[in-house]
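What follows is each chain in one-letter form.
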Amino acid sequence: MIPQFRPALGVAELVAALRPAKPDDVARFETAFAAAVGQRHALAFPYGRTALLALLEALNLKGRAIVCPAYTCVVVPHAIVLGGNTPRFIDAGPDANMDLTAAERAIGADTGALIATSIFGNPVDLDHLDAIARSSSGTIIIQDCAHSFTATWNGRRVNEAGRAAIFGLNASKTMTSIFGGMVTTDDPQLAAALAATRTRLITPATLWKSVARTLYLLALYPAFWPPLYGLTERLRKAGLLNRFTRYYDESVIDMPRDYRSAMTPVEARVGTVQAGSLNAFIAARREFAEYYRHALSHLPALSWITGADSSSYSHIAARVADRSHVMRAAATRGVQLGEVIEYSIPEMAAYLRWGTAQGPFPVAQTLSRQTINLPLSGHFGPRAAARAVAILKDILADQPAPPALPAAGS
Ligand SMILES: *Cc1c(COP(=O)(O)O)cnc(C)c1O
């Protein structure tokens, strides 16, 4: 089976993981990561959501409203709420990114920050964001770059366009440190404040956590190997992998049990190797995106969300009219499609108390029901892509075009 994603883990990562730990493993990863994304400071955290939680605290924003997308990963508002802030959800636009006109309108005296997110790697409009920053100087711009490692807008890297950026580094991301997250910033004062917050918030990683993370890494190699991936999927569907793959519960705002336990040295060593390949990973994804879009461009059944050539292509996304049919038909033929963000956050049970008053969110809702992600990895060969394309052409040939997106809500 061709998986919807495959971590680009090779022999070098394995060798690095099995080397004995050194006290400066995490610091070396931070240096390598900062260099890879072109920023002065990088601070490592156990998860991207912990990175955001610590960043909000270091910025001294407690109690303030945080403007954020309705269509993003649910761990983002989890960090906002658990950090003592209020989420202010904004509907998506046609590129799946937060509608910046609506975001600008939503900024008020109580707003502390705006989290701009380049969903699927589609770069957020930095010119519009600059205008917002000028007109609401009290609002701090945070870039969520978990999907957009070094995506650019008119030549500017999105991660550099704000006070700080956060990154997620789990095995489904463009590069991985097994788990893990980062904050990057060019502001030395913020870096120092964040380091102090981290010392207060985060406990040292235990040896047991390092062992568990090493075992998890070792399991990723066979789990994503295409001949075995069908088995992985059967185990997942039977609920046996929930501990590793289920990352949210509709009705609960929570964090993983170990969200305050530091990134382990083994994760940092794997991350250091991956950071050195980041540009190659993105180049491979770009080639894939071009190939897919070229080979499937004539199909009315696909309405592309993936657009800009300067995207970093964390995902290749398109809308289809009947997602469950398309996903099932593809799976039967050995191609797994993703539905990475299958929810509109303010319409989830746990967020209704904010969402009901702030809505409606017609675009986020439509995207959450119609979006598919094509198989993509820094690690697929052209053969896998060609097979996926042939099967998708077949399945999509008789599918209708999805209806046009509604206008953005709030
Ligand atoms: C993955 C992701 C994060 C961070 O996720 P963690 O699992 O906490 O590392 C943040 N934002 C978006 C959009 C993501 O996809």
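Across the sheet, seven strands lie side by side as S1-S9-S8-S5-S4-S2-S3; this open sheet has mixed pairing. In this open sheet, the two edge strands, each paired with only one partner strand, are strand S1 (41-45) and strand S3 (86-90). Across this sheet, the average inter-strand angle for adjacent strands is 25°, counted without regard to direction. When strand S2 (residues 65-69) meets S3, the two strands line up parallel, connected through five bridges.

The full set close to the ligand counts 14 residues, and Gly 48, Arg 49, Asp 144, His 147 and Lys 173 are the nearest of them. Within the side chain of Arg 49, a nitrogen or oxygen atom sits 2.7 Å from an oxygen atom of the ligand. In the environment of the ligand, an oxygen atom lies 3.0 Å from a nitrogen or oxygen atom belonging to the side chain of His 147. Burial of the ligand by the surrounding chains reaches 96%, relative to a free accessible area of 380 Å².

With respect to the helices, strands and loops of the structure, Val 26 is situated in helix H2 (residues 25-37). Sequence separation of Val 26 and Ala 102 is 76 residues, and the distance between their C-alpha atoms is 39 Å. Dropping the residues within four chain positions of it, Val 26 is found in contact with Ala 44, Met 263, Thr 264, Pro 265 and Ala 268.

Attention now moves to the layout of surface pockets. Considered as a void within the structure, the second largest pocket measures approximately 240 Å³ in volume. Among the elements that take part in the lining of the second largest pocket, helix H15 (residues 382-396) stands out by supplying three residues, more than any other. Looking at the lining of the second largest pocket, its residues break down into six nonpolar, two polar and three charged.

Time to look at the pattern of salt bridges. Pairing between side chains of opposite charge can happen when the charged atoms of each approach one another. Applying the stated criterion to the full structure yields ten salt bridges. The shortest N-O distance in the salt bridge between Arg 157 and Glu 160 comes to 3.2 Å. Under the relative-accessibility criterion, Glu 160 is labelled partly exposed at 34%. The salt bridge involving Glu 339 is made with Arg 323; its shortest N-O contact spans 3.3 Å. Of the two residues, Glu 339 is situated in the loop between helix H12 (323-332) and helix H13 (352-358) and Arg 323 in helix H12; the sequence distance between them amounts to 16 residues. On the accessibility criterion, Glu 339 (33% relative accessible area) is partly exposed. What emerges from the salt-bridge pattern is a single network uniting Arg 213, Asp 258 and Glu 267.

Of note, Arg 285 is situated in helix H11 (residues 265-295). Once you skip the residues sitting within four places of it in the chain, Arg 285 turns out to touch Lys 173, Thr 174, Ser 312, Tyr 313, Ser 314, Leu 376, Ser 377 and Gly 378.

Structurally, Asn 279 can be placed in helix H11. Judged by its relative accessible area of 57%, Asn 279 falls in the exposed class. C-alpha of Asn 279 to C-alpha of Phe 120: the two residues are 159 residues apart in sequence and 17 Å apart in space.

Another aspect to go through is helix H8 (residues 207-223). In this model, H8 (17 residues) spans 24 Å end to end at C-alpha, consistent with the 24 Å of a helix rising 1.5 Å per residue. Every buried residue belonging to H8 is among Lys 209, Ser 210, Arg 213, Thr 214, Tyr 216, Leu 217, Leu 220 and Ala 223, and all of these are buried. Check the buried side of H8 and you find it contacts helix H1 (11-18), helix H9 (226-237), helix H10 (242-245) and H11.

Right, let's talk about the nonpolar core for a bit. By size, the foremost hydrophobic cluster in this structure holds 54 residues, and its most contacted members are Leu 55, Tyr 71 and Tyr 351. Element by element, the count of residues in this core is highest for helix H3 (residues 48-58), at seven residues. Setting aside chain neighbours within four positions, we find Tyr 71 in contact with Ala 92, Ala 96, Ile 119, Phe 120, Ile 341, Tyr 343, Ala 364, Leu 367, Ser 368 and Thr 371. With 39 residues, the next largest nonpolar core counts Ala 42, Ile 107, Val 124 and Ala 151 among its residues.

This part is about empty space enclosed by the protein. Taken as a whole, this structure holds one cavity of 30 Å³ or more when the rule is applied. Computed from the structure, the largest cavity encloses a volume of approximately 40 Å³.

Quick look at the pairing of S1 now. Buried residues dominate S1, accounting for four of its five residues. Alignment of S1 against strand S9 (residues 181-185), held across five bridges, turns out to be antiparallel. The residue of S9 that forms the bridge with His 41 is Thr 185.

A word on the sheet that holds strand S10 (residues 303-304). With antiparallel pairing, the three strands of this open sheet are ordered in space as S10-S11-S12. Edge positions in the sheet fall to S10 and strand S12 (371-374), since each has one partner strand and no second. Strand direction decides the pairing type here: S10 and strand S11 (residues 316-319), joined by two bridges, are antiparallel. Each residue of the ladder has a partner; that of Trp 304, found in S11, is Ala 318.

What follows deals with the packing of aromatic side chains. Following the criterion strictly, the structure yields 16 aromatic pairs and no others. On the basis of an interplanar angle of 50° and a centroid distance of 5.9 Å, the ring pair of Phe 288 and Tyr 292 is categorised as tilted. Taken together, the residues Phe 288 and Tyr 292, both in helix H11 and four residues apart, mark about one turn of the helix. Through a chain of ring-to-ring contacts, three or more aromatic side chains come together here, namely Phe 29, Phe 33, Phe 149 and Phe 167. In this arrangement the basic side chain of Arg 198 is found over the ring face of Phe 45, its NZ or CZ atom lying 5.7 Å from the centre.

About the criteria used
Residues numbered from 1 in each chain as written. Predicted model: local features only at pLDDT ≥ 70, side-chain atom pairs only at ≥ 80, totals over all residues. Heavy atoms only, no water. Pairing = 2+ DSSP bridges. Helix = DSSP H or I, 4+ residues; strand = E, 2+ residues; numbered from the N terminus. Axes fitted to C-alpha atoms, helices over the stretch in contact; angles between N-to-C directions. Near = heavy atom within 4 Å. Polar contact = N/O pair within 3.5 Å; in protein donor to acceptor, adjacent residues only side chain to side chain. Areas by Shrake-Rupley, 256 points an atom, 1.4 Å probe, with all protein chains shown as cover. Contact = heavy atoms within 4.5 Å. 1 Å grid on protein atoms, 1.4 Å probe; cavity = no way out; pocket = protein on both sides within 12 Å on 5 of 7 lines; lining within 4 Å. Points joined across faces, edges and corners; volume = space filled by probe spheres on them. Nonpolar A, V, L, I, M, F, W, Y, C, P; charged D, E, K, R; others polar. Salt bridge = Lys/Arg side-chain N within 4 Å of Asp/Glu carboxyl O. Buried < 20%, exposed > 50% of the residue type's maximum accessible area, 1.4 Å probe, protein only. Expected span 1.5 Å × (residues − 1). Core = buried A, V, L, I, M, F, W, Y, C linked by side-chain atoms within 4.5 Å. Phe/Tyr/Trp six-rings, centres within 6.5 Å; stacked < 30°, edge-to-face > 60°. Lys NZ or Arg CZ within 6 Å of the ring centre and 35° of its normal.

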